[in-house]
Amino acid sequence: MRFKLREEKNGALLFDNLFGNVSKLSEEKYLEFLKSNEDFKLYKSYISRNDLPSDCLSFPSKIYFELTRKCNLNCKNCYNKSSRPFENELGTDEILKLIKEFSDKGCFELRLTGGEPTVHPDFFKITKYAKSQGLFLSLGTNGVWNETFAKKIRDAGFNIIILSLEGPQVINDEIRGDETFNKIIRSLNILKENNDLILKLNMTLSKKNKEYLEDVVEIASKNGVKVVNIAPLRIIGRASEKESQTLTPEEFYEIAKKIIILRKKYNIKIQTYFDILEPCKTYSSSLINDKSCAAGIEVAVINPEGNVYGCAVSLAGSPEKIPGKELFTAGNIREENFEKIWLDSNKWKAYRNILDNKSEKCKQCKHYGSSCFGNCFVSSYLHFGKLNAIDPYCFADLMKGEN
C-alpha cells in the first residue's frame, strides 16, 4: 500500500510511503478520503477516539530506535557517550517484536540509530524485517565503513540516510577521529549511486567548527546530498563539559543569517534550530510539527535497554543515573506495553505540558506559535535546570535591536 491513513482524536494523518510526506486531514477530509480512495491501509487505536489524549498523536509518527550503544568511533561531541554497548541491551527477537508492533499500530517512519546502528551483529536482518513490515526506513549513522559494507547499505532498502560531518577534513577528524572524513566522503560517493535514496548531512555547531558551515554545505552540494541539518552543541554526554564551546545567541544569529545566503548560493535545503529569519520546509518529513517540537508529541525514542523517551539528546539517554534522567523518561518496554506508555500523558509531562514548560519570554514573543516553537525544554533544562527557562540559543532580542 502506498498510503497509510491513521485515525487521530480529530481527523486523521495521511502518510505517503513512497515520498515520506505526511498530511493532516480534518474530520470532513478524512471521511471523504475513506469513501473515494482504495490504495491505503487504515490504522486505529485500541481505545476509542474520545479517550485518546489531546496533547499527542494516537501513536508516534516517527520512532528513533537505538539498536546499540556500541560505536566504532569516540566523537568528542557525542551526546550519548557512545562507545561500548550496554550490559543489558535488547535482543534481536525483542527488537523484531517491537518493529512488528510499530508497523501494526501505524508508525510511519522508523529511524535506526545508536551508538552506531550498523555495528549491530544483526543489523541487516533487522533492516530487512523492517522493510518487510512496510515501514519508511531511515538511518542515522557515522558512515565510517569500508567499500563493501557501504555498497550493502546502499542496497539495503533505506529511504533516507543521514550521515554526520563536522567540517572539512582537518576539523572533522579532530572531532570525529582520524581518517573519518575520507571514509565518510567515500561512503557518500557510493550511496549516491542509488538515485532513490535521500541523503542528508548532520552538523553539530560549536565555536570550534562554526566557521566551516559553508564547507559542509558545499560538500553536500557536490555529493548528491539533499539536506543539511544544523544543530547546536548540547552540553550532554561526552560534550557535557564543553559549555565553553557552545555558541552565544549572537553567534547563532550570525549563523542563521549566513544560512539564508548559503541556501541561495547552493540551492540546497538547510534546516536549523530557530529558523525564524527564513523558515525552510522540511524535506520528506513524517512529522506535522504544528504544536511544539515533535519530541514526546509525535516522536518517541527507544534506547538499547528499552527505555522510552521523547528526545534523543535529553538526560533520559544517559547511561548513568543522573539528576533529571527520570524527568525525561516515560517508561521501559520490558516493564510495560509501548502503546500504553505512549498514551499515558502523565508519563510525558516534560514534553507535553507545553503551557507550563514554555518560558514566559517565549509566550510574549511575536515569533512564538508562528515561525518558532519557543524554548527547547531540553536545552533550557541542561543550561539552567528548569524546563521553562529561556533558551540559551534564542536570538529574538538581537533581531529587535536591528529593527
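Quick caveat, the model's predicted, so the values are computed rather than measured. (Residues numbered from 1 in each chain as written. Predicted model: local features only at pLDDT ≥ 70, side-chain atom pairs only at ≥ 80, totals over all residues. Heavy atoms only, no water.)

(A) Region of interest: empty space enclosed by the protein. Counted under the stated rule, the structure contains two cavities of 30 Å³ or more. In this structure, the largest cavity encloses a volume near 100 Å³. In this structure, the largest cavity is lined by Phe274, Ile276, Lys361, Cys362, Cys365, His367, Tyr368, Cys372, Gly374, Asn375, Cys394 and Ala396. Partitioning the lining of the largest cavity into residue classes produces eight nonpolar, three polar and one charged. What the second largest cavity holds in volume is close to 30 Å³. Lining the second largest cavity are Arg6, Lys44, Ser45, Ser58, Phe59, Lys105 and Glu339. (1 Å grid on protein atoms, 1.4 Å probe; cavity = no way out; pocket = protein on both sides within 12 Å on 5 of 7 lines; lining within 4 Å. Points joined across faces, edges and corners; volume = space filled by probe spheres on them. Nonpolar A, V, L, I, M, F, W, Y, C, P; charged D, E, K, R; others polar.)

(B) The packing of aromatic side chains, seen in detail. Within the structure shown, the criterion is met by 22 aromatic pairs. Here Lys152 stacks its cationic end above the ring of Phe124, 4.3 Å away from the centre of that ring. Directly above the aromatic system of Tyr253 lies the positively charged group of Lys257, at a separation of 4.4 Å from the ring centroid. (Phe/Tyr/Trp six-rings, centres within 6.5 Å; stacked < 30°, edge-to-face > 60°. Lys NZ or Arg CZ within 6 Å of the ring centre and 35° of its normal.)

(C) Quick look at a nonpolar patch on the surface. Among the surface-exposed residues, Leu31, Leu34 and Leu42 lie close enough to one another that they form a single nonpolar patch of about 210 Å² accessible area. Secondary-structure assignment places Leu34 in helix H1 (residues 27–36). The class of Leu34 is partly exposed, set by a relative accessible area of 30%. (Patch = residues over 30% accessible without salt bridge, like charges linked within 9 Å, V, L, I, M, F, W, Y side chains within 5 Å. Areas by Shrake-Rupley, 256 points an atom, 1.4 Å probe, with all protein chains shown as cover. Salt bridge = Lys/Arg side-chain N within 4 Å of Asp/Glu carboxyl O. Helix = DSSP H or I, 4+ residues; strand = E, 2+ residues; numbered from the N terminus. Buried < 20%, exposed > 50% of the residue type's maximum accessible area, 1.4 Å probe, protein only.)

(D) Summary view of helix H6 (residues 180–191). Its 12 residues give H6 an end-to-end C-alpha distance of 16 Å, which sits within 8% of 16 Å, the value for a rise of 1.5 Å per residue. Considered for burial, the residues of H6 that qualify are Thr180, Phe181, Ile184, Ile185, Ser187, Leu188, Ile190 and Leu191. Lining the buried residues of H6 we find helix H4 (147–154), strand S8 (160–164), helix H5 (169–176), strand S9 (198–205) and helix H7 (213–222). (Expected span 1.5 Å × (residues − 1). Contact = heavy atoms within 4.5 Å.)

(E) Structural view of the nonpolar core. With 98 residues, the main nonpolar core has Phe65, Phe102, Leu110, Leu112, Phe158, Ile161 and Phe338 as its most contacted residues. A total of seven residues in this core trace back to one element, the largest contributor, which is helix H8 (residues 249–266). Contact partners of Phe102, with chain neighbours within four places excluded, come to Phe59, Ile63, Phe65, Cys107, Leu110, Ile302 and Phe338. Counting nine residues, the second largest nonpolar core, distinct from the first, contains Leu13, Val22, Ile162 and Ile198. (Core = buried A, V, L, I, M, F, W, Y, C linked by side-chain atoms within 4.5 Å.)

(F) Quick look at the side chain of Glu7. With respect to the secondary-structure elements, Glu7 resides in strand S1 (residues 3–7). A relative accessible area of 10% means that Glu7 is categorised as buried. Looking at Glu7, its side chain comes within polar contact range of the side chain of Tyr30, at 2.7 Å. Here Glu7 is in contact with Ala12, Tyr30, Tyr43, Lys44, Arg49 and Ser58, once residues within four sequence places are set aside. (Polar contact = N/O pair within 3.5 Å; in protein donor to acceptor, adjacent residues only side chain to side chain.)

(G) Layout of the packing of H5 against H6. Interhelical geometry of H5 versus H6 gives an angle of 105° and a closest axis separation of 8 Å. By the criterion of interaxial angle, the relationship of H5 to H6 is roughly perpendicular. From H5, Gln169, Asn172, Asp173 and Arg176 reach across to H6, where they touch Thr180, Phe181, Asn182 and Ile184. Of the residues contributing to the contact of H5 with H6, the split by class is two nonpolar, four polar and two charged. (Axes fitted to C-alpha atoms, helices over the stretch in contact; angles between N-to-C directions. Parallel < 35°, antiparallel > 145°, perpendicular 65-115°, else oblique.)

(H) The environment of Leu382, seen in detail. Checked against the element boundaries, Leu382 lands in helix H14 (residues 377–384). For Leu382, a relative accessible area of 17% gives the class buried.

(I) Quick peek at the pattern of salt bridges. This structure, assessed with the given rule, holds 27 salt bridges. Of the charged contacts in the structure, one is a salt bridge between Arg2 and Asp16, with a shortest N-O distance of 2.7 Å. Linking Arg2 in the segment before S1 with Asp16 in strand S2 (residues 12–16), this pair joins segments that are 14 residues apart in sequence. For Arg2, a relative accessible area of 33% translates into the label partly exposed.

(J) The sheet that holds S8, seen in detail. Strand order in this open sheet of 10 strands is S11-S10-S9-S8-S7-S6-S5-S12-S13-S14, and the pairing throughout is mixed. Of all strands in the sheet, those bounded by a partner on one side alone are strand S11 (269–272) and strand S14 (329–332). In this sheet, neighbouring strand axes are inclined to one another by 20° on average, regardless of whether the strands run parallel or antiparallel. Strand direction decides the pairing type here: strand S13 (residues 307–309) and S14, joined by three bridges, are antiparallel. In the sheet register, Val308 faces S14, and the bridge partner there is Gly331. (Pairing = 2+ DSSP bridges.)

(K) Examining the sheet that holds S1 more closely. Read from one edge to the other, the open sheet built from four strands follows the order S3-S2-S1-S4, with strand pairing classed as mixed. Pairing within the sheet leaves two strands with one partner each, and these edge strands are strand S3 (21–25) and strand S4 (40–43). Within the sheet, the average angular offset between the axes of one strand and its neighbour, ignoring direction, is 20°. Across five bridges, S2 lies against S3 in antiparallel orientation. Considered in S3, the bridge of Phe15 is made with Val22.

(L) Examining helix H2 (residues 92–105) more closely. Counted at 1.5 Å a residue, the expected span for H2 with its 14 residues is 20 Å, and the 20 Å between its end C-alpha atoms agrees. What H2 keeps buried is the set Thr92, Ile95, Leu96, Leu98, Ile99, Glu101, Phe102 and Ser103. On its buried side, H2 packs onto S4, strand S5 (62–66), strand S6 (109–113), helix H3 (123–132), strand S12 (299–302) and helix H10 (338–343). Count one or two residues on from H2 and you reach Gly106, which has phi positive near 95°.

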